[in-house]
Amino acid sequence: MPECGFVAEYLKLRGSEGRVYPDEWVRCLPHMPRGGAHASEWRLRARSARRLRHYLGQRTPLRLLEVGCGNGWLSHYLSLLPGTEVLGIDINGPELGQARRLFVRPNLSYRQTTLEDLSAGSFDCILFAASFQYFSGVPALLDACFRRLVRGGSVHIIDTHFYPTQKRAAARDRSAAYFARQNAVTMERYYQHHSFEELDAYHFRLCNPFSDRLRRLGGTVFPWIQIERPS
């Protein structure tokens, strides 16, 4: 997990982007209220959340971990599935406080901790939703996930860009310029530009295989990546 200095810089960036949402907005997510910030992005995230919940709903009972859950909206959304037990973790104390305040269910809990502090063999599914880009060292990260999955479990990554290797340098330059405009220059050290080539050693599949084709046609479509725990 990123070092603790990440949290202050991340929250500063979120504030400058208009992404620190009031309680009444967070309660509605993934459906952004009329006039809310970043509405087009939330339409995309609502679609991916809907597809994920439909997929997971066919695989209950399910013990699910969301890594980097932030304000908790997606952990809560998935906890509405019958037969699920959901844990959302993050090192971001302020957003976790909002999650605990807004989303209370007997099958849902939040914890300020890291993946490495959780017990082995505890989950059927580990989810990264708009958070995988804040982790470096993909092999070590996935190995840590696999140790905490039961046999037959899987990792899911949604709402994160993956780049062709030859385009990563240009993407880094764009991100650096963006962080500079937002007065959050040190975020450059935390934001990772992952590529599919980093996953070549693993048994993974695209659950939305047309995402790259749609992106080339001008849409913003994030890949949904499922990585199976090795036998």
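Please read all numbers here as calculations on a predicted model, not as lab measurements.

So, how was this worked out
Residues numbered from 1 in each chain as written. Predicted model: local features only at pLDDT ≥ 70, side-chain atom pairs only at ≥ 80, totals over all residues. Heavy atoms only, no water. Helix = DSSP H or I, 4+ residues; strand = E, 2+ residues; numbered from the N terminus. Rg over C-alpha atoms; globule rule 2.2 N^0.38 Å. Buried < 20%, exposed > 50% of the residue type's maximum accessible area, 1.4 Å probe, protein only. UniProt positions renumbered as here; feature names shortened; annotations may be inferred. Pairing = 2+ DSSP bridges. Axes fitted to C-alpha atoms, helices over the stretch in contact; angles between N-to-C directions. Contact = heavy atoms within 4.5 Å. Core = buried A, V, L, I, M, F, W, Y, C linked by side-chain atoms within 4.5 Å.

## A word on the overall build of the protein
In terms of helices and strands, the protein carries eight helices and seven strands. Computed over its C-alpha atoms, the radius of gyration of the protein comes to 17 Å, within 12% of the 17 Å expected for a compact globule of 231 residues. Considering only C-alpha atoms, the protein reaches an extent of 45 × 40 × 35 Å along its principal axes. Buried residues in the protein amount to 50% of all 231 residues.

## Considering the UniProt feature "domain: Methyltransferase type" (unreviewed entry) in the protein
Following the UniProt record, one finds the feature "domain: Methyltransferase type" (unreviewed entry) at residues 65-155. With 30% helix and 32% strand, residues 65-155 has end C-alpha atoms that lie 10 Å from one another.

## A short note on the sheet that holds strand S1 (residues 62-67)
Strand order in the open sheet formed by seven strands is S3-S2-S1-S4-S5-S7-S6, with mixed pairing between adjacent strands. Each edge of the open sheet carries a strand with a single partner, namely strand S3 (108-112) and strand S6 (204-206). With direction set aside, neighbouring strand axes in the sheet form an average angle of 20°. This element, helix H3 (residues 39-57), spans S1, strand S4 (123-129), strand S5 (149-158), S6 and strand S7 (225-228) of the sheet and lies at about 165° to S5.

## Focus on the nonpolar core
Counting residues in hydrophobic clusters, the biggest one holds 30 residues, and the most contacted among them are Leu56, Leu74 and Leu78. Those elements giving two or more residues to this core turn out to be H3, S1, helix H4 (73-79), helix H5 (93-102), S3 and S4. Excluding anything up to four places from it in sequence, leucine 56 contacts Leu62, Leu64, Leu78, Leu81 and Cys125.

## Comments concerning the environment of tyrosine 163
Its place among the elements puts tyrosine 163 in the loop between S5 and helix H7 (168-181). For tyrosine 163, a relative accessible area of 13% translates into the label buried. For the pair tyrosine 163 and serine 195, spaced 32 residues apart in sequence, the C-alpha separation works out to 4.7 Å. In this structure, tyrosine 163 is in contact with Arg168, Ala171, Arg174, Tyr191, His193, His194, Ser195, Phe196 and Glu197, ignoring residues within four places of it in sequence.

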